[in-house]
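Overview (structure and organization)
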Amino acid sequence: MTALTRPAPTRPAPPVTTPEGGRAPEPQPAPVTTGTATLFRTTPLLLDCGQPVNDIRLRYHTYGTPRPEATLVLHALTGTSAVHEWWPDFLGPGRPLDPQEQYVVCANVLGGCAGSTGPADLPRVNGGDPPLTLRDLARAGRALLEHLGVQRVRVIGASMGGMLAYAWLLECPDLVDRAVIIGAPARHSPWAVGLNTAQRGAIRAAPGGEGLKVARMIAMLSYRSPESLDATQAGQRVPGVPAITSYLHYQGEKLHARFCERTYCTLTQAMDAFQPTDAELRCIQAPVLAVGIRSDQLYPAAEVQGHARRLPQGTYWELDSPHGHDAFLMDAQDLPGQVHAFLNA
């Protein structure tokens, strides 16, 4: 039976104090490791498109002491494996990702551009980049966990990482104990596919950087809500230039400086092509916490909730933020406490 509930708000535990009433010393930082694993050296990974590939590189970060059980973090579309850089509200003592208590692993996905094998490194198929699937990404990630000695995982992902969590649940049911899916549906709606199609169209119309900047501008509008932009981008930043205009240009330039347009196209196509059926969702047996965001324009909360209803052990919770899809990064509120409680249930 699917549980569609709003659990009571929870927050991380208060600071530990000494018997004399003073604050206890802060715990020492847990070990942080970064590395690049080369996988499938002898036996290739067979991609869903039929192309075998060897020597796949995955760049990763780990936090905490290695052990057979881990918490696997799946990053968003333009994210990296460096969780401490983009999700500080979730990583640290007393937080959902506590390296003092857990072994936390995050890898830049296959097809990414932050140290992992990207589209340019893969054999071309029919004269173009091979079409990757989210299931391909999950199988590559599983090989990394085996390389690290991990046998069981709890999975947490937001945005693209949330969709990828669904792929892990379907592709690796023997490996995943439970999963948290934040701001992500099980499959893209025509609205989401249309937005990605427009972004890829901009990249192909203006290759070399300008198209990627425009794609990022389109994406940023879908990541925020009208009320969020009204609150944060009203007025003029430069005389004669609306704040929203300079904001979007800034975001486009920033992404162009660090990201690859071929990766952008490859990963958005993989997301669009991931269309698990309701019957497949009903076969997922692991407990899942699905989090919708009240003002999300890209993946409306009702859509996230609707897919959660298909899960035999699905629980739904909604983040009441005005800041749209990006609220999981900029306005987490009680979300870390909810995730902490679920992962440790």
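For the structure, check the block above.
Report follows, based on the coordinates.

Conventions we followed
- Residues numbered from 1 in each chain as written.
- Predicted model: local features only at pLDDT ≥ 70, side-chain atom pairs only at ≥ 80, totals over all residues.
- Heavy atoms only, no water.
- Helix = DSSP H or I, 4+ residues; strand = E, 2+ residues; numbered from the N terminus.
- Rg over C-alpha atoms; globule rule 2.2 N^0.38 Å.
- Areas by Shrake-Rupley, 256 points an atom, 1.4 Å probe, with all protein chains shown as cover.
- Lys, Arg positive; Asp, Glu negative; His and termini not counted.
- Charge placed at Lys NZ, Arg CZ, Asp CG, Glu CD.
- Buried < 20%, exposed > 50% of the residue type's maximum accessible area, 1.4 Å probe, protein only.
- Expected span 1.5 Å × (residues − 1).
- Phe/Tyr/Trp six-rings, centres within 6.5 Å; stacked < 30°, edge-to-face > 60°.
- Lys NZ or Arg CZ within 6 Å of the ring centre and 35° of its normal.
- Salt bridge = Lys/Arg side-chain N within 4 Å of Asp/Glu carboxyl O.
- Axes fitted to C-alpha atoms, helices over the stretch in contact; angles between N-to-C directions.
- Parallel < 35°, antiparallel > 145°, perpendicular 65-115°, else oblique.
- Left-handed = near helix turned anticlockwise from the far one by under 90°.
- Contact = heavy atoms within 4.5 Å.
- Nonpolar A, V, L, I, M, F, W, Y, C, P; charged D, E, K, R; others polar.
- Pairing = 2+ DSSP bridges.
- Right-handed = clockwise from strand over helix to strand, strands pointing away.

Across its full length, the protein carries 12 helices and 12 strands. For the protein, the C-alpha radius of gyration of 20 Å lies close to 20 Å, the compact-globule estimate for 345 residues. Along the longest, intermediate and shortest principal axes, the C-alpha atoms of the protein span 65 × 60 × 40 Å. Accessible area of the protein: about 14800 Å², with a carbon and sulfur share of 55%. Here the protein contributes 29 positively and 31 negatively charged side chains, and the mean placements of these two sets differ by 2 Å.

Turning our eyes to something else, we now look at unusual backbone geometry. For Phe40, which is not a glycine, the phi torsion comes out positive at approximately 60 degrees. Checked against the element boundaries, Phe40 lands in the loop between β1 (32-39) and β2 (45-46). Phi angles above zero are rare outside glycine, and Asp55 is one such case at about 55 degrees. Within the element layout of this structure, Asp55 appears in the loop between β3 (52-53) and β4 (56-63). On the basis of relative accessible area, Asp55 is assigned to the partly exposed category, the value being 42%.

Our next topic: helix α2 (residues 134-148). With 15 residues, α2 should cover 21 Å at 1.5 Å per step; its first-to-last C-alpha distance of 21 Å lies within 8% of that length. For α2, the tally of buried residues reaches 11 of 15 residues, placing the bulk of the element in the interior. Taken together, the buried positions of α2 are Leu134, Asp136, Leu137, Ala138, Arg139, Ala140, Gly141, Ala143, Leu144, Leu145 and Leu148. In the segment just after α2, Gly149 is the residue with positive phi, at about 80 degrees.

Moving on, we get to the packing of aromatic side chains. Aromatic rings in a pair are described by how distant their centres are and how their planes are angled relative to each other. Counting across every chain of the model gives four aromatic pairs. Ring centres of Trp86 and Trp87 lie 5.4 Å apart, and the angle between their planes is 20 degrees; this geometry places the pair in the stacked category. Ring centres of Phe259 and Tyr264 lie 6.3 Å apart, and the angle between their planes is 90 degrees; this geometry places the pair in the edge-to-face category. For the pair formed by Phe259 and Tyr264, the shared burial category is buried. In this structure an aromatic cluster arises from ring pairing among Trp86, Trp87, Phe90 and Phe328. Cation over ring: Arg178 sits above Phe342, and NZ or CZ is 4.7 Å from the ring centre.

A word on the pattern of salt bridges. With the rule as written, the count across this model stands at 18 salt bridges. For Asp136, the salt bridge is made with Arg139, and the minimal N-O distance between the two is 2.5 Å. A residue pair is termed a helical-turn pair when its members lie 3 or 4 positions apart in one helix, as Asp136 and Arg139 do in helix α2 at three residues. What makes Asp136 buried here is its relative accessible area of 0%. Between Glu171 and Arg139 there is a salt bridge; the shortest N-O distance is 3.2 Å. Of this pair, Glu171 sits in helix α3 (residues 160-171) while Arg139 sits in helix α2; the two residues are 32 residues apart in sequence, bridging distant segments of the chain.

Remark: helix α4 (residues 190-205) packs on helix α8 (residues 261-273), axes separated minimally by 10 Å, with the N-to-C direction vectors making an angle of 160 degrees. The orientation of α4 relative to α8 falls into the category roughly antiparallel. Where α4 crosses over α8, the handedness of that crossing is left-handed. Seen from α4, the contacting residues are Ala192, Val193, Asn196, Gln199, Arg200, Ile203 and Arg204; seen from α8, they are Glu261, Tyr264, Cys265, Thr268, Gln269 and Asp272. A breakdown of the residues in the contact of α4 with α8 according to their chemical character gives five nonpolar, four polar and four charged.

Across a sheet, paired strands are connected by hydrogen bonds in the backbone, their directions being either parallel or antiparallel. Across the sheet, which stays open at both edges, the eight strands sit in the order β1-β4-β6-β5-β7-β8-β11-β12 with mixed pairing between neighbours. On the outer flanks of this sheet lie β1 and β12 (314-319), each paired with one strand and no other. Pairs of neighbouring strands in the sheet enclose a mean axial angle of 20 degrees, with direction left out of account. Pairing of β1 with β4 involves eight bridges; the strand directions are antiparallel. Its bridge partner being in β4, Thr38 is matched across the sheet by Arg57. Contacts between helix α12 (residues 335-343) and the sheet are confined to β7 (152-158), β8 (176-182), β11 (288-293) and β12, with β8 contributing the most and set at about 165 degrees to the helix.

Take the pairing of β8 next. In terms of burial, β8 is largely enclosed, as six of its seven residues are buried. Taken together, β7, α3 and β8 form a β-α-β motif whose crossover is right-handed. Judged from the four bridges that link them, β8 and β11 form a sheet pairing that is parallel. Across the sheet, Ala179 pairs through a bridge with Val288, a residue of β11.

The next thing to look at is the pairing of strand β6 (residues 104-107). Alternating residues of β6 divide into Val104 and Cys106 and Val105 and Ala107, and every residue in both groups is buried. Direction of pairing for β4 relative to β6: antiparallel, over a ladder of four bridges. Along β6, the bridge assignment pairs Tyr63 with Val104. Taken together, the three bridges between strand β5 (residues 69-74) and β6 define a ladder with parallel strand orientation. By the bridge assignment, Leu72 is partnered in β6 with Val105.

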